[in-house]
Amino acid sequence: MELQIQNLSKTYPNGVQALQDVSLTIRQGMFGLLGPNGAGKSSLMRTLATLQEPDSGTIQLGDINVLTQKDEVRKTLGYLPQEFGVYPKIDAETLLSHLAVLKGITNRSERKDVVKALLQKTNLYDARKKNLGGYSGGMKQRFGIAQALLANPKLIIVDEPTAGLDPAERNRFLNLLSEIGENTIVILSTHIVDDVKELCSDMAIINKGQVLYKGSPKKALGEIEGKIWEKRVPKSELEELRATQTVISEKLVGGMPVIHILADENPGLGFEPIEGDLEDVYFSYIFGKQAVDA
Ligand code: ADP
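Predicted model, so just to flag it, every value in this text is computed and none were measured.

Here is what the cut-offs are and how they apply
- Residues numbered from 1 in each chain as written.
- Predicted model: local features only at pLDDT ≥ 70, side-chain atom pairs only at ≥ 80, totals over all residues.
- Heavy atoms only, no water.
- Axes fitted to C-alpha atoms, helices over the stretch in contact; angles between N-to-C directions.
- Helix = DSSP H or I, 4+ residues; strand = E, 2+ residues; numbered from the N terminus.
- Parallel < 35°, antiparallel > 145°, perpendicular 65-115°, else oblique.
- Left-handed = near helix turned anticlockwise from the far one by under 90°.
- Contact = heavy atoms within 4.5 Å.
- Nonpolar A, V, L, I, M, F, W, Y, C, P; charged D, E, K, R; others polar.
- UniProt positions renumbered as here; feature names shortened; annotations may be inferred.
- Expected span 1.5 Å × (residues − 1).
- Buried < 20%, exposed > 50% of the residue type's maximum accessible area, 1.4 Å probe, protein only.

Student: What is the right way to read the packing of helix α3 (residues 92-102) against helix α4 (residues 108-121) from this model?
Tutor: Two quantities define a packed helix pair, namely the angle between the helix axes and the distance between the axes. The geometry of α3 relative to α4 is characterised by a closest axis approach of 10 Å and an angle of 125° between their N-to-C directions. For the element pair α3 / α4, the angle class is oblique. The handedness of the crossing between α3 and α4 comes out as right-handed. Side by side, α3 and α4 meet where Ala92, Glu93, Leu96, Ser97, Ala100 and Val101 of the first sit next to Arg111, Val115, Leu118 and Leu119 of the second. Considered class by class, the residues forming the contact of α3 with α4 number seven nonpolar, one polar and two charged.

Student: Whenever I open this one, the UniProt feature "domain: ABC transporter" (unreviewed entry) in the protein confuses me. Can you help?
Tutor: Per the UniProt record, "domain: ABC transporter" (unreviewed entry) is annotated on residues 3-233. Overall, residues 3-233 shows 34% helix and 28% strand. The separation of its end C-alpha atoms is 46 Å.

Student: Looking at this structure, how should I read helix α5 (residues 137-148)?
Tutor: Working note: α-helix, 3.6 residues per turn, so residues spaced by three or four point in the same direction. A rise of 1.5 Å per residue sets the reference length of α5, with its twelve residues, at 16 Å; its end C-alpha atoms lie 16 Å apart and thus fit the reference within 8%. Across the twelve residues that make up α5, a large majority, ten, are buried. Of all the residues in α5, the buried ones are Gly138, Met139, Gln141, Arg142, Phe143, Gly144, Ile145, Ala146, Gln147 and Ala148. The inward-facing, buried residues of α5 contact β6 (77-80), α3, α4, β7 (155-159) and α6 (167-180).

Have a look at this one:
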């Protein structure tokens, strides 16, 4: 099963062009959709989840036309939105069971089994009697996945799921996602490069509504090979370098700026070549010449 997005465009009534001619083919496994805030990720996710209409373009999920067969899509979709609200005064088991009824699992003993299996899968079984209001951010997100899995979905969309999670919760959440990705299409929308680096076999970078890169993280790394240069610079030199070079990142290391620039040739000036990582790829597309060349 494949998800085929073709020439999708959307302009909001206020004139913001959130999606510009977006085309992507997404296969089974974990797909990373990487882009800064405002890039258009949620607009794309909401459109895939049948919650809003594009102005033009087509979306096909296997043999389902996503834009015209919304009910069919909803039967096979698990969606974890960016803001996932829970009822704070209900315990996880009760709410999940209630949501299971809404999903059409009306047989009581079947429902009991499904709810138990999902609570175990998301590691919430021991906390099943606890009110959701007392859950940590990570537990809420795992509950979000449990409800997304109720329909036994073929397509799972998770929008910025790791924002606000501490490192241990984030790892646990990402491990859960990658397990699910073994036999489902999972689209992970995020502005966090490490989420994609660790998990996704395929990815796209989007900014300002446009797809700037699509392919594997490995291929992306190949494209910047030999083009990333690093130097520790005194703060006084920063301004001029920003004006004359394609600076893609600036980080303080021990209080001193370390900058990465994107350049085909050795820029001299004491820059050393380094092996770029996925973050360099990302910033090259967002800030650098790659963005213009794409
Ligand atoms: P992301 O999820 O990558 O942060 P969004 O899809 O939320 O990006 O937003 C893309 C652009 O569209 C932003 O400029 C945002 O302000 C704008 N936008 C999003 N939703 C709406 C809306 N309902 N009405 C008008 N503008 C919107």
